[in-house]
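Spelled out from the first residue to the last, the chains are:
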Amino acid sequence: MESAVLSHLNDRLCASQWREALAAFAQELAQDLTPQRLRTLMRRAGERFAAAHVLPQAASIEDLQSAINHLWQTVDWGWVTITEADDHLALTHYCAPLRAAFGAEHMAWSSGFLEGVYELWMRQLGADSQLHVAQPQAANPDGTIVYRFGR
């Protein structure tokens, strides 16, 4: 039953008029470019998105999370939780439409979009240039993606 629920929700994350077109686009890109080049392309696209959607200054991690989630809610891109660890921030993004738009087989590179978004937002808010956003592990089967912001 759980996979049926996840499948139903995943179908709702990308508008039906775009689902097949974006899946074909992803297949064509994957045929001509390496996964690393595709990830770099998606990361740059994410940076463009972040540049077009500048966040307000945040006085705390909670304020940052709230500002980000307000934006994600307006574009129907799920939500993020941000938690502090000893040497990094963990950004856990839920319900991004990447899997629905490009397909599960393309999550390894399409998730670079959010990587670029989060890194540029951190830079815009004054983060040190030696700190970076990276995805240390593959997305979960439900589409949840964990990013690490740190050295």
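See the structure above.
What you see is a predicted model; the values in this text were computed from it and never measured.

Rules and cut-offs
Residues numbered from 1 in each chain as written. Predicted model: local features only at pLDDT ≥ 70, side-chain atom pairs only at ≥ 80, totals over all residues. Heavy atoms only, no water. Phe/Tyr/Trp six-rings, centres within 6.5 Å; stacked < 30°, edge-to-face > 60°. Buried < 20%, exposed > 50% of the residue type's maximum accessible area, 1.4 Å probe, protein only. Axes fitted to C-alpha atoms, helices over the stretch in contact; angles between N-to-C directions. Helix = DSSP H or I, 4+ residues; strand = E, 2+ residues; numbered from the N terminus. Parallel < 35°, antiparallel > 145°, perpendicular 65-115°, else oblique. Left-handed = near helix turned anticlockwise from the far one by under 90°. Contact = heavy atoms within 4.5 Å. Nonpolar A, V, L, I, M, F, W, Y, C, P; charged D, E, K, R; others polar. Pairing = 2+ DSSP bridges. Salt bridge = Lys/Arg side-chain N within 4 Å of Asp/Glu carboxyl O.

## Brief notes about the packing of aromatic side chains
Aromatic rings considered in pairs are described by the distance between their centres and by the relative angle of their planes.
Phase 1 of the analysis: Applying the stated criterion across every chain yields a total of eleven aromatic pairs.
Phase 2 of the analysis: Ring centres of phenylalanine 102 and tryptophan 109 lie 5.8 Å apart, and the angle between their planes is 50°; this geometry places the pair in the tilted category.
Phase 3 of the analysis: The class for phenylalanine 102 is buried, based on a relative accessible area of 11%.
Phase 4 of the analysis: The class of tryptophan 109 is buried, set by a relative accessible area of 4%.
Phase 5 of the analysis: Site record: aromatic cluster; members linked through ring pairs are Phe49, Trp72, Trp77, Phe113, Tyr118, Trp121 and Tyr147.

## So, the packing of helix α4 (residues 61–75) against helix α7 (residues 112–124)
Phase 1 of the analysis: Closest axis-to-axis distance for the α4/α7 pair is 13 Å, and the angle between their directions is 135°. Classified by the angle between their axes, α4 and α7 sit oblique to one another. In this structure, α4 meets α7 at a crossing whose hand is right-handed. Counting all contacts with α4, which are made through Leu64, Ile68, Leu71 and Trp72, the residues of α7 involved are Leu114, Val117, Tyr118, Trp121 and Met122.
Phase 2 of the analysis: The class makeup of the residues in the contact of α4 with α7 is nine nonpolar, no polar and no charged.

## Details of the sheet that holds strand β3 (residues 132–134)
Phase 1 of the analysis: Taken in spatial order, the four strands line up as β1-β2-β4-β3 in an open sheet, and their pairing is antiparallel. Each of the sheet's edge strands pairs with one partner strand only, and the pair in question is β1 (79–84) and β3. Going across the sheet, the axis of each strand differs from the next one's by a mean of 20°, ignoring polarity.
Phase 2 of the analysis: With three bridges joining them, β3 and strand β4 (residues 145–150) adopt antiparallel strand pairing. Bridge pairing in β4 links valine 133 to phenylalanine 149.
Phase 3 of the analysis: Of the strands in this sheet, β1 and β2 (88–94) touch α4, which is tilted by about 165° from β1.

## Regarding the pattern of salt bridges
Close approach of charged atoms allows side chains of opposite charge to pair.
Phase 1 of the analysis: Under the defined criterion, the tally for this structure stands at five salt bridges.
Phase 2 of the analysis: We note a salt bridge from glutamate 115 to arginine 43, for which the minimum N-O separation is 2.6 Å. One end of the pair, glutamate 115, is in helix α7; the other, arginine 43, is in helix α3 (residues 35–52), and 72 residues separate them in sequence.
Phase 3 of the analysis: On the accessibility criterion, glutamate 115 (7% relative accessible area) is buried.
Phase 4 of the analysis: For arginine 43, a relative accessible area of 18% puts it in the buried group.
Phase 5 of the analysis: With a shortest N-O distance of 3.1 Å, arginine 148 and aspartate 87 are connected by a salt bridge. Placement of the pair is arginine 148 in strand β4 and aspartate 87 in the loop between β1 and β2, with a sequence separation of 61 residues.

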